[in-house]
Amino acid sequence: MAAERAEPEVPPGAVGRRVSCRGERATVRYVGPVPPTQGLWLGVEWDHPGRGKHDGSHDGVRFFTCRHPTGGSFLRPAAVSFGRDYPAAVQEAYRMDSAQVRRDGHAVDTQWGKLKDISLDRWTSVALNRSDVNGPGAAGAVRKTTPNVTTLSLSRTLLSCWDDVATISQQLEQLSQLDLSSNRLALPSDLSPHLHSFPRLRILNLNNCDLTWPQILEVAPLWPQLEVLGVEGNAIGELQRPEGVLQALQRLSLAGNPLLQDSVIGIAALPRLEMLNLSQTGLSELRFEDAAPGGHTSSFPALTTLHLDDNVISEWRVVDELAKLSGLVKLTCRRNRLVTSDGFASTARQLVIAKLGRLEALDGVDISAKERNGAEFDYIKMFREEWLKAGGGGQPSSQFTCQHPRYLSLIDKHGDPEMGQRKPFILRNQLLQITFTFPDDPDRKSFDKKLPGSMQVLKVKALLRRLLKVHTADLTLSYTTPQKVGIEYEINNDLKPLQFFSIADGDQVLVRWS
């Protein structure tokens with residue numbers, strides 16, 4: 001520790017405050033002397049523990065506690081910055097001189113280039129990431145500075161508590177998107193003063209904030225309208241069920257968290273969740289025990305997209321479990337341990353496609369009808385010998401049907417190729433009983449029609465054009481299925497056949513036109 005010298009005053013209530021030092025962030029854990037030296041010291045816990053030297057002890061005396069044995073340091077007050085308030089941070093970040101703003105309307109230099117519009121009250125987006133902003137400033141100052149902001153980045157700042165974040169947000173009445181990543185925010189002791197501070201917030205990033213899931217749930221009542229939540233790289237292990245919070249959530253990223261096995265079921269009841277990112281979470285298992293093999297789970301009722309990249313999944317039964325998610329149409333599962341007997345990644349892709357009948361895209365690549373048919377046919381051949389040993393065309397053993405829940409339906413669809421029963425044209429000739437309805441025209445009666453699964457959507461629209469006297473370009477189609485009540489799927493490619501969208505016998509096509 002360096003020799004003593006006159007030090008600047010430490011702000012009141014410094015313990016718990018955030019500071020910066022040579023580009024690194026830390027939290028003040030102690031303010032006071034450190035014998036045998038003279039003068040005032042700050043004991044800090046670094047965000048990155050490799051930056052520190054000890055755990056808060058010096059010469060056998062404990063001054064504060066760190067979670068990591070090398071997370072702490074003692075610093076003189078002159079070595080750190082406690083930051084500045086929001087209005088001052090905006091002025092600094094955009095290098096704007098208030099006198100110049102009043103004097104002329106010319107463009108001014110910012111760290112991102114020229115700004116022609118220097119009227120802060122017109123700005124809808126402000127980026128203060130990596131700045132030293134530490135709080136809202138004087139009462140009403142945020143509203144006076146940037147009243148119309150809808151998108152705000154406050155990642156890696158010196159904000160230290162949710163109370164300050166709520167005070168800032170409360171003055172930004174149009175705020176819908178907020179990034180608070182790489183901060184360390186103390187939870188409020190009382191949520192009630194802040195319950196109306198985030199009325200329009202739809203998108204929130206809290207990546208790398210050292211948060212647990214219970215801490216997120218504790219503060220979640222502040223975001224009643226939240227639709228997108230990013231909490232990557234935190235300390236989330238167990239996922240408890242959200243009770244009365246996050247009910248509007250549509251997209252959730254938990255990537256990079258050390259999730260406990262079987263913990264995912266804790267968020268399975270989120271009613272509107274469409275996209276879930278579980279990449280790099282150490283998962284090896286997913287189980288939906290409310291449904292038998294080949295059945296449909298009640299978990300994740302709205303889920304359409306799932307990311308499982310960079311995990312340790314090695315058992316194919318996990319893919320069979322995913323088949324229970326009846327709405328799942330997009331999956332990424334890269335860099336796992338799913339291998340086939342030949343060791344080829346292309347064969348593993350075929351197996352995933354064959355096992356997941358409704359999947360439309362795998363690892364970011366669309367699945368064509370040709371690829372699906374080939375994958376399913378090869379799957380039949382690959383496991384035909386096992387099928388025959390398990391009972392073949394009779395009643396296969398329960399062990400076989402558990403390992404291959406779709407196998408019998410694929411035999412029914414394609415036939416047995418080794419017995420000369422392959423049905424290469426079965427999809428082309430299969431007629432689907434489809435009910436056409438008109439949700440925007442309640443006076444028009446629905447009708448049933450039998451159409452081949454290979455029929456192009458464009459031809460379906462041509463048929464409807466003749467019946468409805470409506471131009472083809474004005475028609476918009478979607479469909480619902482009894483297997484997934486309440487979910488409407490888009491039919492958004494006129495050049496694809498009906499079978500491409502997994503439309504099945506008994507489904508309902510909704511017809512709209514402009």
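In what follows, the accompanying structure is described.

Reading guide: rules and limits
- Residues numbered from 1 in each chain as written.
- Predicted model: local features only at pLDDT ≥ 70, side-chain atom pairs only at ≥ 80, totals over all residues.
- Heavy atoms only, no water.
- Patch = residues over 30% accessible without salt bridge, like charges linked within 9 Å, V, L, I, M, F, W, Y side chains within 5 Å.
- Areas by Shrake-Rupley, 256 points an atom, 1.4 Å probe, with all protein chains shown as cover.
- Salt bridge = Lys/Arg side-chain N within 4 Å of Asp/Glu carboxyl O.
- Helix = DSSP H or I, 4+ residues; strand = E, 2+ residues; numbered from the N terminus.
- Buried < 20%, exposed > 50% of the residue type's maximum accessible area, 1.4 Å probe, protein only.
- Contact = heavy atoms within 4.5 Å.
- Arc of directions from axis to C-beta.
- Polar contact = N/O pair within 3.5 Å; in protein donor to acceptor, adjacent residues only side chain to side chain.
- Pairing = 2+ DSSP bridges.
- Axes fitted to C-alpha atoms, helices over the stretch in contact; angles between N-to-C directions.
- Core = buried A, V, L, I, M, F, W, Y, C linked by side-chain atoms within 4.5 Å.
- Phe/Tyr/Trp six-rings, centres within 6.5 Å; stacked < 30°, edge-to-face > 60°.
- Lys, Arg positive; Asp, Glu negative; His and termini not counted.
- Charge placed at Lys NZ, Arg CZ, Asp CG, Glu CD.

Taken together, the side chains of Val15, Val31 and Leu40 define a hydrophobic patch exposed on the protein surface, amounting to about 210 Å² of accessible area. Tracing the sequence through the fold places Val15 in the segment before strand 1 (18-21).

Looking now at the environment of Trp223. With respect to the helices and strands, Trp223 occurs in the loop between helix 5 (213-219) and strand 15 (228-230). Residue classification places Trp223 among the buried positions, given a relative accessible area of 2%. Distance from Trp223 to Asp290, taken between C-alpha atoms, is 31 Å for residues 67 residues apart in sequence. The contact partners of Trp223, leaving out residues within four places of it in the chain, are Trp162, Phe198, Leu201, Leu204, Leu206, Ile216 and Leu246.

For an α-helix, 3.6 residues make a turn, and residues three or four places apart therefore share a direction. For helix 1 (residues 86-93), every residue scored as buried is listed here: Tyr86, Pro87, Ala89, Val90 and Ala93. The arc that holds the buried residues of helix 1, viewed along the axis, is 165 degrees, so those residues lie on one side. Those residues of helix 1 that are buried are in contact with strand 7 (84-85), strand 10 (125-127), strand 11 (133-135), helix 3 (141-145), strand 12 (151-153) and helix 4 (162-170). At the N-terminal end of helix 1, a side-chain oxygen is found 3.0 Å from the backbone nitrogen of Ala88, two or three residues along, and the residue is Asp85.

To continue, consider the sheet that holds strand 24 (residues 475-480). By definition, the strands of a sheet pair up through backbone hydrogen bonds, in either a parallel or an antiparallel sense. Here five strands make up an open sheet; going across it, the order is 23-22-26-24-25 and the pairing mixed. Single-partner strands in this sheet number two, and they are strand 23 (447-452) and strand 25 (489-491). On average, each strand axis in the sheet is tilted by 35 degrees relative to the strand beside it, whichever way the strands run. The sheet contact formed by strand 22 (residues 431-437) and strand 26 (residues 508-513) spans three bridges and is parallel. Across the sheet, residue Phe436 finds its bridge partner in strand 26, namely Val509.

Our focus in this paragraph is the nonpolar core. Ranked by internal contacts, the top residues of the largest apolar core, which has 92 residues, are Trp223, Leu246 and Leu276. Breaking this core down by element, the ones donating at least two residues are helix 1, helix 4, helix 5, helix 6 (317-322), helix 7 (345-355), helix 8 (369-382) and helix 11 (407-414). The dominant element in this core, judged by the number of residues it contributes, is helix 7, at five residues. Excluding residues that lie within four positions of it along the chain, Leu276 makes contacts with Leu252, Leu254, Val264, Ile267, Phe300, Leu303, Thr305, Leu306 and His307. Residues Ile434, Val470, Phe500 and Phe501 belong to the second largest nonpolar core, which totals 24 residues.

Turning our attention to the pattern of salt bridges. Scanning all chains against the criterion turns up 29 salt bridges. With a closest N to O distance of 3.0 Å, Arg29 and Glu45 form a salt bridge. Placement of the pair is Arg29 in strand 2 (residues 24-32) and Glu45 in strand 3 (residues 41-46), with a sequence separation of 16 residues. Residue Arg29 is classed as partly exposed on the basis of its relative accessible area, which comes to 36%. Judged by relative accessible area, which is 10%, Glu45 ranks as buried. Among the ionic pairs, Asp210 bridges to Arg67, the shortest N-O distance being 2.2 Å. One end of the pair, Asp210, is in the loop between strand 14 (203-205) and helix 5; the other, Arg67, is in the loop between strand 5 (61-62) and strand 6 (72-75), with 143 residues separating them in the sequence. A relative accessible area of 26% means that Asp210 is categorised as partly exposed.

Next up on the list: the pairing of strand 22. Two faces, one strand: in a regular strand the side chains alternate between the faces of the sheet. For strand 22, the buried fraction is high: five of the seven residues fall into the buried class. As judged from the six bridges shared by strand 22 and strand 23, these two strands associate in the antiparallel manner. Bridge pairing links Gln433 to Lys450 in strand 23.

Next up on the list: the packing of aromatic side chains. Going through the model one piece at a time under the given rule, you end up with 16 aromatic pairs. Ring geometry for Trp162 versus Phe198: centroids 6.3 Å apart, planes at 70 degrees, classification edge-to-face. Of this pair, Trp162 sits in helix 4 while Phe198 sits in the loop between strand 13 (177-179) and strand 14, and the two are 36 residues apart along the sequence. Side by side, Trp162 and Phe198 carry an identical accessibility label, which is buried.

What follows is about a positive patch on the surface. The grouping of Lys449, Arg465, Arg466 and Lys469 at the surface amounts to a positive patch. Here Arg465 lies in helix 13 (residues 457-468).

Within the secondary structure, Arg156 sits in the loop between strand 12 and helix 4. For the buried Arg156, no salt bridge is present, and the opposite-charge side chain at shortest range is Glu24, 4.1 Å distant. Ignoring any residue separated from it by four or fewer positions in sequence, one finds Arg156 in contact with Gly23, Glu24, Arg25, Arg130, Ser131, Ser181, Ser182 and Asn183.

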